[in-house]
Amino acid sequence: MILAKYSMGVGDRFGHQGRAQLQAFKTLQAAGLTVVPVWNKSFREHSIIGTQPMDVRRAADASVAAEGWTADYHVDADHISQKNVDGFIAASDFFTLDVADHIGSAASEADIKAFITRHRNLIGNHAIPGLTQPLVLTEKTLASSAQTYLHAVKEAGKLYRHIEAKKGAGTFITEVSMDETNQPQTPVEMLVILAALADENIPAQTIAPKFTGRFNKGVDYVGDVAVFAREFAEDVCVIRYAIKQFGLPSNLKLSVHSGSDKFSLYGPIAAVLKQFDAGVHLKTAGTTWLEEMIGLAEAGGKGLVVAKDVYSMARSRLDELCAPYATVIDVKPERLPSVETVAQMDGARMARMLRHVQSCPDFNPDARQFIHVAYKVAAEMGERYTDALVAYAPVVARNVRENIQERHLKPLFAGLK
Ligand SMILES: [Zn+2]
């Protein structure tokens, strides 16, 4: 199973928006560019909402059938580890092996020594096409990278073989993710990590490093865009070089765990992809749920009442809802509107508060991030929430579709082929 050159991960927490999401991909396809949709949902999301991986598979299959989508699509077991992989085996054909927790815990002395001996020939200057300076790997960096990453890659190997034994080689796509950690991986560390992945015989088709800067959920990038762009380009070049050096899958590409809505990075990413004729997997978070809230607010009537109730119930549980996402959101309670203020808003005003249009004076990034993590409240509402999604389906779907189409797919992919 081969992952296409361009792919985008989308979330659909309540499993109602698959068709609207697909319609956005179809619009781009009609214009001549196929981006493959991948529905991703992590163990964390499943536990908070009370869904099973098979629910995502069913929703994806049904949406694809209903929309007559004929290109590839996948269901991603996002950020899985040894602890929770088994629940995803049957439903998923894309596995994101998350080994970030193992970064920094050292492999055995013997393993590290063997790795360094095996890759001693990598010490020195690498003239990598596309890079203006040679990449320099010193003996010290080889040793320190092995110390930091070898154990994590070996864990990825174990997890990969566990899945392979159950599903069969070649029947699923493998991603290795190291993004949920504080320290970005440098290009030279990337080279060492890729060598280790090849040693483990992990046929990774995507790798998700930690990039410089903050990738808060549902809002734009916080950091130096120029630094990101350079890092991204360097990683693209290192990956291409490593494919040849180590015999990794020829379609291996970067996966950007964007946390959604990194609008200021789309232009620079597209420029690099174009320059090097490279592919990418853009993983977004479950911001489709935010579009549901925006649609319900905009719909008015009972939809608006539900949206306001979610806000007020969530507001009283701020700490609890934010805690699981502490490292990937930046919500200051004093920057959130009071429950009373929101109660006074009309639907259009509430929608503008949440919709990610940075030029709009009513847009509130704190409120957006807060509602992004507040989906537990809607899950607890049960049918009251999902019935509202059904009752106001057209306006909700329009928001879902427009968001993916106009704010994500077009800015990133429309200029590519
Ligand atoms: Zn991630």
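Remember, predicted model here, so these are calculated numbers, not experimental data.

Undergrad: For this particular structure, what's the right way to read the coordination of the zinc ion?
TA: Around a metal, the perfect tetrahedron of four donors has angles of 109.5 degrees, and the perfect octahedron of six donors has angles of 90 or 180 degrees. Distances from the zinc ion to its protein donors, His79 (NE2), Asp179 (OD) and His257 (ND1), fall at 2.0 to 2.3 Å. Between the donor residues of the zinc ion, the gaps in sequence give the motif H-x99-D-x77-H. In this pair, Asp179 is assigned in the loop between β7 (173-177) and α6 (187-199) and His257 in strand β9 (residues 253-257), connecting sequence segments 78 residues apart.

Undergrad: Would you mind going over the environment of Thr206 with me for this structure?
TA: Following the sequence through the fold, Thr206 ends up in strand β8 (residues 204-208). Take Thr206: its relative accessible area is 0%, and that puts it in the buried class. Thr206 sits 164 residues away from Phe370 along the chain, and the two C-alpha atoms are 30 Å apart. Setting aside residues up to four positions removed in sequence, Thr206 forms contacts with Leu3, Phe94, Thr174, Glu175, Val176, Leu252, Lys253, Ser255 and His281. A polar contact is formed between the side chain of Thr206 and the side chain of Glu175, at a distance of 2.8 Å.

Undergrad: Would you explain empty space enclosed by the protein in this entry?
TA: Gaps between atoms show up when a probe of the same size as a water molecule is rolled over them. Applying the stated rule across the entire model yields one cavity of 30 Å³ or more. Put simply, the largest cavity is a space of about 50 Å³. Met8, Val10, Gly11, Thr284, Ala285, Thr287, Thr288, Asn403, Ile404 and His408 together form the lining of the largest cavity. Only β1 (6-10) and α17 (393-413) provide two or more residues apiece to the lining of the largest cavity. Of the residues that constitute the lining of the largest cavity, the class distribution is four nonpolar, six polar and no charged.

Undergrad: Would you explain the packing of aromatic side chains in this entry?
TA: Each aromatic ring pair is summarised here by two numbers: the centre-to-centre distance and the angle between the ring planes. Going through the model one piece at a time under the given rule, you end up with 18 aromatic pairs. One aromatic cluster is present, formed by Phe211, Phe215, Tyr221, Phe228 and Phe232 through successive ring pairs. Of note, Arg13 hangs over the ring of Tyr375, and the distance from its end group to the ring centre comes to 3.7 Å.

Undergrad: Explanation requested: the nonpolar core in the structure shown.
TA: Counting 93 residues, the largest nonpolar core has Leu194, Phe232 and Phe413 as the members making the most contacts within it. With 11 residues, the top contributor of residues to this core is helix α7 (residues 225-246). Counting 44 residues, the second largest nonpolar core, distinct from the first, contains Val342, Ala351, Met353 and Ala367.

Undergrad: It is not clear to me how the pattern of salt bridges should be interpreted in this structure. Could you clarify?
TA: Note on pairing: side chains with opposite charge can pair once their charged atoms come close. Throughout the structure, instances matching the rule amount to 29 salt bridges. We note a salt bridge from Asp78 to Lys283, for which the minimum N-O separation is 2.7 Å. Note that Asp78 is positioned in strand β3 (residues 74-80) and Lys283 in strand β10 (residues 280-283), a separation of 205 residues in sequence. The salt bridge involving Arg317 is made with Glu320; its shortest N-O contact spans 2.9 Å. The partly exposed category is assigned to Arg317, whose relative accessible area is 21%. Classification of Glu320 by relative accessible area gives partly exposed; the value is 35%.

Undergrad: Hey, could you run me through the sheet that holds β3 in this one?
TA: Hydrogen bonds along the backbone pair up the strands of a sheet, which may run parallel or antiparallel. Taking strand neighbours around the barrel as the criterion, the eight strands line up as β1-β2-β3-β4-β7-β8-β9-β10 in a closed arrangement whose pairing is parallel. With strand direction ignored, the average angle separating the axes of adjacent strands in the sheet is 25°. Where β8 and β9 come together, two bridges link them in parallel fashion. Residue pairing in the sheet places Ile207 in a bridge with Leu254 of β9. Here helix α3 (residues 53-67) sits on the sheet in contact with β2 (36-42) and β3, set at roughly 160° to β2.

Undergrad: Please explain the pairing of β3 as it appears in this structure.
TA: Along any regular strand the residues' side chains alternate between the sheet's two faces. The buried fraction of β3 is high, at seven of seven residues. In the sheet, β3 pairs with strand β4 (residues 94-98) via three bridges, with the strands oriented parallel. Looking at the pairing, Ala77 lines up with Phe95 of β4.

Undergrad: Please explain the pairing of β10 as it appears in this structure.
TA: Along β10, one buried face is formed by Val280 and Leu282 and the opposite face, lined by His281 and Lys283, is buried too. For β1 and β10, the ladder comprises four bridges, and the chain directions are parallel. The residue of β10 that forms the bridge with Ser7 is His281. Two strands pair when backbone bridges link them, and β9 and β10 are joined in this way by four bridges, in the parallel orientation. By the bridge assignment for β10, Ser255 is matched with His281. With helix α8 (residues 263-276) bridging β9 and its parallel neighbour β10, the resulting β-α-β unit is right-handed.

Undergrad: In this structure, what is going on with the environment of Ile80? I would like to understand it.
TA: Mapped onto the secondary structure, Ile80 falls in strand β3. In this structure, the C-alpha to C-alpha distance between Ile80 and Lys253, residues 173 residues apart in sequence, is 19 Å. In contact with Ile80, other than residues within four places in its own chain, are Val85, Phe88, Phe95, Thr96, Leu97, Asp98, Leu159 and Ile163.

Undergrad: I would appreciate a short explanation of α3 in the present structure.
TA: With 15 residues, α3 extends 22 Å from end C-alpha to end C-alpha; this agrees with the ideal 21 Å at 1.5 Å per step. Taken together, the buried positions of α3 are occupied by Pro53, Val56, Arg57, Ala60, Ser63, Val64 and Glu67. Down the axis, α3 shows its buried residues gathered within 140° of arc, on one side only. Residues Arg58 and Ala65 are exposed on α3 and point more than 90 degrees away from its buried face. Those residues of α3 that are buried lie in contact with α1 (18-30), β2, α2 (43-49) and β3.

The rules behind these values
- Residues numbered from 1 in each chain as written.
- Predicted model: local features only at pLDDT ≥ 70, side-chain atom pairs only at ≥ 80, totals over all residues.
- Heavy atoms only, no water.
- Donors = N, O, S within 2.8 Å, 3.2 Å for Na, K, Ca; no water.
- Helix = DSSP H or I, 4+ residues; strand = E, 2+ residues; numbered from the N terminus.
- Buried < 20%, exposed > 50% of the residue type's maximum accessible area, 1.4 Å probe, protein only.
- Contact = heavy atoms within 4.5 Å.
- Polar contact = N/O pair within 3.5 Å; in protein donor to acceptor, adjacent residues only side chain to side chain.
- 1 Å grid on protein atoms, 1.4 Å probe; cavity = no way out; pocket = protein on both sides within 12 Å on 5 of 7 lines; lining within 4 Å.
- Points joined across faces, edges and corners; volume = space filled by probe spheres on them.
- Nonpolar A, V, L, I, M, F, W, Y, C, P; charged D, E, K, R; others polar.
- Phe/Tyr/Trp six-rings, centres within 6.5 Å; stacked < 30°, edge-to-face > 60°.
- Lys NZ or Arg CZ within 6 Å of the ring centre and 35° of its normal.
- Core = buried A, V, L, I, M, F, W, Y, C linked by side-chain atoms within 4.5 Å.
- Salt bridge = Lys/Arg side-chain N within 4 Å of Asp/Glu carboxyl O.
- Pairing = 2+ DSSP bridges.
- Axes fitted to C-alpha atoms, helices over the stretch in contact; angles between N-to-C directions.
- Right-handed = clockwise from strand over helix to strand, strands pointing away.
- Expected span 1.5 Å × (residues − 1).
- Arc of directions from axis to C-beta.

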